[in-house]
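Chain by chain, the residues:
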Number of protein chains: 2
Amino acid sequence: MSSQVNDDTKIRRVPTNEELKEFEFIQVLNEDPRTKTANILGKLKSSSEEPKDAILLLEKSHFGNQELPILSKERILQWIATDNNDIYHWYNGLLTKDEKFPDFKVTLIWPATETHIRKYSFQPRFLIRETPHIYETIVKPYIESIPPNRIQWVYNILSKKSESERILLEVEEESTGFILLPDMKWDTVTLENLYLIAIVHRRDIRCIRDLNDSHLPLLKNLRRQILQFVPQKYSGIRSDELRLFVHHLPSYYHFHVHVTHLRNDTIAGGIAIAKAYLLDDIIENLEKFAQDYYKKVTLTYILGENDPLFPQMNDIGARVTVDV
Amino acid sequence: MSSQVNDDTKIRRVPTNEELKEFEFIQVLNEDPRTKTANILGKLKSSSEEPKDAILLLEKSHFGNQELPILSKERILQWIATDNNDIYHWYNGLLTKDEKFPDFKVTLIWPATETHIRKYSFQPRFLIRETPHIYETIVKPYIESIPPNRIQWVYNILSKKSESERILLEVEEESTGFILLPDMKWDTVTLENLYLIAIVHRRDIRCIRDLNDSHLPLLKNLRRQILQFVPQKYSGIRSDELRLFVHHLPSYYHFHVHVTHLRNDTIAGGIAIAKAYLLDDIIENLEKFAQDYYKKVTLTYILGENDPLFPQMNDIGARVTVDV
């Protein structure tokens, strides 16, 4: 075993409380006042070595179920009145200290690499307009350049080489069939956070652009089977509480449909316009307006500066401008 | 002055800290783990009277700018390790108590009425499909039944009887003109939370359903003028950071366009599919696919149980079902 490996082993131990206390703040990478989360970069040293980059992914804790009933009597240490108007009274407040009700949760990444730092940093984002021409000349060649093994994991699911125990529903038919399974983001327990993914068996649809009226049987089959199956499997969920949608750009180029509960808005970006397309709207457009709607349409979406497509999109002038 | 009025005056005073401590919990009305907010109902008594209903609208505080740099050294009282894997280390933690950094902010509504309780309670919501037929027979008559004075405030803005000092831009032209002003939800300072509303001068467009290709000059003028004006007015905002969209159902039936910064996702529901329609997509549909696209299309959206339209929509079978 080389000394390199030894070093590696050493740094991967759990930092002590004294070391944590000495975390040297460098900068805020990103934060979101709405969700009360902040990513910060700093240095953490292990006793014998140079300090290494460390990232803290911080999130304030939610009020707990056991906490709310006793809040006022036992948990609130101090009310600090700030203003009032008629029946409205505003306060800030401090809670008592209790390990049972932590103030925050945090993930420490240590040592952190450049990739981690980029991943958890704010990234400038731009609205771009993907015309059919831009799709053909930039996006489609990009999709075709992605090594096929990048979606080997999808094929492993479809051929049941992996995750087969997680499959909730399989419809085997070649042109309209699919596999339905829980998304990794779902705990599979909290119904109102339900998040499933339906992955189609056929391999010839890379994204929404490839859809035409010949796919209506597939799209309608997905819709019907999912709306039928989910309320049967999870009593307490109604079919009119399910949001079925597709992303463009998707995170991988094999056609799949997202299935979430209406109340699941922990995925705010994921259900926003300029990213998500309702399956019902897709069916409407192909059936009622144009058999090649998604070949002809200009799609508007958000692209981050770090996206591999961004440089070319920028060069060709795809960013939203005053002219339509 | 009647004793009733006296009683009223008495209850509208600020509750004492002792009274707050005696808040009697009844139930959780609504909560959102993502935003760390909870609405709870209880009873609060004023010394001489019967306890009255009181609502607490609680929200955890965000990490502050002054807090993050000193977090580890001065603010974190205790790290509680929960798990670790390779370079990832998870903790819960407690913060030190400091009035400068409150744990939560809260609005107390006291005494609260039934209306307040309903407003802050969870409301069951349903996905419904508004076919052209359902629009004609249920929604349109409903819109026409709304007393015109309900949007008098809009006409007051357009005729500059009110809020005229808030106007940012006016384009006076009768058929393509509009007034642009900040939405009440925007503090008018934080650029990344920018939220403006463009209200058109013409009074003949009630909602997206009324739009056809004859309105393309209006829609394109809105787009062009707004994308030109906002970056001039607020340096630091680019035109490709602006999201222009329309709601259906809107909150009032006079055509208006929402203008927000891409980073403003504090309005998660407001930019979600099945609610928001990108102005660029509306233009695409009218220009490229059908001059009467919004007359023909079936629109899918979320309706709450308390919505005045819900009972009729429910009766006619508009809720999403397995059949398309």
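All residue numbers here refer to positions counted from 1 along the written sequence of the relevant chain. The naming scheme follows written order: chains are lettered A onward, ligands numbered 1 onward. Thresholds applied to this predicted model are a pLDDT of at least 70 for local features of residues and 80 or more for the giving and counting of side-chain atom pairs; totals over whole chains, interfaces and linings are not thresholded and use all residues. Note that water and hydrogens are dropped before the side-chain values are worked out from all heavy atoms of the structure.

- The name given to chain A in an unreviewed UniProt entry is m7GpppX diphosphatase, with the source organism recorded as Rhizophagus clarus.
- UniProt positions are given in the numbering used here, feature names are shortened, and annotations may be inferred rather than shown by experiment. Database annotation for chain A, UniProt heading Catalytic activity (unreviewed entry): "a 5'-end (N(7)-methyl 5'-triphosphoguanosine)-ribonucleoside in mRNA + H2O = N(7)-methyl-GMP + a 5'-end diphospho-ribonucleoside in mRNA + 2 H(+)".

## Regarding the relation of the copies chain B and chain A
Moving on, step 1. For the match of chain B to chain A, the screw axis carries a shift of 0.1 Å, the RMSD comes to 0.3 Å, and the turn is 180 degrees. In the structure described here, the two chain copies are related by an operation that fits a two-fold rotation axis.
Moving on, step 2. An overlap of 100% is found between the interface residues of chain B and their copies at the interface of chain A, pointing to a shared contact surface. Overlaid copies result from least-squares superposition on C-alpha atoms, with residues included only where pLDDT is at least 70 in both. Whether two residues are in contact is decided by their heavy atoms, any of which lying within 4.5 Å being enough.

## Topic: the confidence of the model for chain A
Moving on, step 1. Confidence in the prediction for chain A averages 92 pLDDT; 94% of positions are at 70 or higher.
Moving on, step 2. The pLDDT value expresses, per residue, how confident the predictor is, ranging between 0 and 100. Scored below 50 in pLDDT, residues 1-9 of chain A makes 1 contact in the model with residues more than four places away or belonging to other chains.

## Brief notes about the environment of I134 of chain B
All names here are of chain B.
Moving on, step 1. Here a strand is any run of E in DSSP of at least two residues, a helix any run of H or I of at least four, and the numbering for each starts at the N terminus. With respect to the helices and strands, the residue I134 is situated in helix α5 (residues 132-145).
Moving on, step 2. Buried means the residue's accessible area, taken with a 1.4 Å probe over protein chains only, is under 20% of the maximum for its type, while exposed means over 50%, and partly exposed covers the values in between. The class for I134 is buried, based on a relative accessible area of 7%.
Moving on, step 3. C-alpha separation for the pair I134 and K161, spaced 27 residues apart in sequence, amounts to 37 Å.
Moving on, step 4. Not counting residues within four places of it along the chain, the set of residues in contact with I134 comprises R129, V139, M313, I316 and A318.

## Some remarks on the interface of chain B and chain A
Moving on, step 1. At the junction of the two partners, chain B supplies 114 residues and chain A supplies 114 residues.
Moving on, step 2. Accessible area that two parts lose when put together, with a 1.4 Å probe and added across both, is what the buried area reports. Summed over both partners, the interface of chain B with chain A buries about 11300 Å², with 59% contributed by carbon and sulfur atoms.
Moving on, step 3. Every case where a carboxyl oxygen of Asp or Glu lies within 4 Å of a side-chain nitrogen of Lys or Arg is listed as a salt bridge. The tally of links from chain B across to chain A stands at 10 salt bridges.
Moving on, step 4. For the salt bridge of R129 of chain B with D280 of chain A, the shortest nitrogen-to-oxygen distance reads 3.2 Å.

## Points about the packing of aromatic side chains
Moving on, step 1. Two rings belonging to Phe, Tyr or Trp (six-membered ring only in the last case) form a pair when the distance between their centres is within 6.5 Å. Interplanar angles under 30 degrees mark stacking, angles over 60 mark edge-to-face geometry, and anything in between is tilted. Taken as a whole and assessed by the stated rule, the structure comprises 14 aromatic pairs over all chains.
Moving on, step 2. Ring plane angle 75 degrees and centroid distance 5.1 Å describe the contact between W79 of chain A and Y91 of chain A, whose orientation is recorded as edge-to-face. Of this pair, W79 of chain A sits in strand β4 (residues 76-85) while Y91 of chain A is found in strand β5 (residues 88-95), placing the two residues 12 residues apart along the sequence.
Moving on, step 3. Assessed through its relative accessible area of 8%, W79 of chain A is described here as buried.
Moving on, step 4. Using a relative accessible area of 3% as the deciding quantity, one classes Y91 of chain A as buried.
Moving on, step 5. Between F126 of chain B and F310 of chain B the ring centres are 4.7 Å apart and the planes differ by 25 degrees, which places this aromatic pair in the stacked class.

## Quick notes on helix α7 (residues 216-233) of chain A
Moving on, step 1. Taking 1.5 Å of rise per residue, the 18 residues of α7 of chain A would be expected to cover 26 Å, and the 25 Å separating its terminal C-alpha atoms lies within 8% of that figure.
Moving on, step 2. Within the span of α7 of chain A, buried status applies to L216, L218, L219, N221, L222, R223, I226, L227, F229 and V230 of chain A. Expected helix span is given by 1.5 Å per residue-to-residue step, counting one fewer step than there are residues.

## Comments concerning helix α8 (residues 279-289) of chain A
Moving on, step 1. For α8 of chain A, the tally of buried residues reaches 8 of 11 residues, placing the bulk of the element in the interior.
Moving on, step 2. Of the positions making up α8 of chain A, those classed as buried are L279, D280, I282, I283, E284, N285, L286 and F289 of chain A.

## Concerning unusual backbone geometry
Residues and elements named next belong to chain A.
Moving on, step 1. Residue P111 is reached from W110 by a cis peptide bond, and omega for that bond is 0 degrees.
Moving on, step 2. One non-glycine residue, K36, lies in positive phi territory at about 55 degrees.
Moving on, step 3. Considering the arrangement of structural elements, one finds K36 in the loop between β1 (24-32) and β2 (37-44).
Moving on, step 4. Residue K36 is classed as buried on the basis of its relative accessible area, which comes to 1%.
Moving on, step 5. Here the phi dihedral of E163 falls at roughly 60 degrees; this positive angle occurs in a residue that is not glycine.
Moving on, step 6. Inspection of the secondary structure puts E163 in the loop between α6 (152-158) and β8 (169-171).
Moving on, step 7. By relative accessible area, E163 is classed as partly exposed at 22%.

## Digging into the sheet that holds β1 of chain A
Moving on, step 1. For two strands to count as paired, DSSP must find a minimum of two bridges between them. Read from one edge of the open sheet, 6 strands run β1(A)-β2(A)-β3(A)-β6(A)-β5(B)-β4(B), paired in antiparallel fashion. Looking at the sheet topology across the chains shown, the edges are occupied by β1 of chain A together with β4 (76-85) of chain B. Within the sheet, the average angular offset between the axes of one strand and its neighbour, ignoring direction, is 25 degrees. To obtain each axis, a line is fitted to C-alpha atoms, and for helices this fit is confined to the stretch in contact; angles are then taken between N-to-C directions over 0 to 180 degrees.

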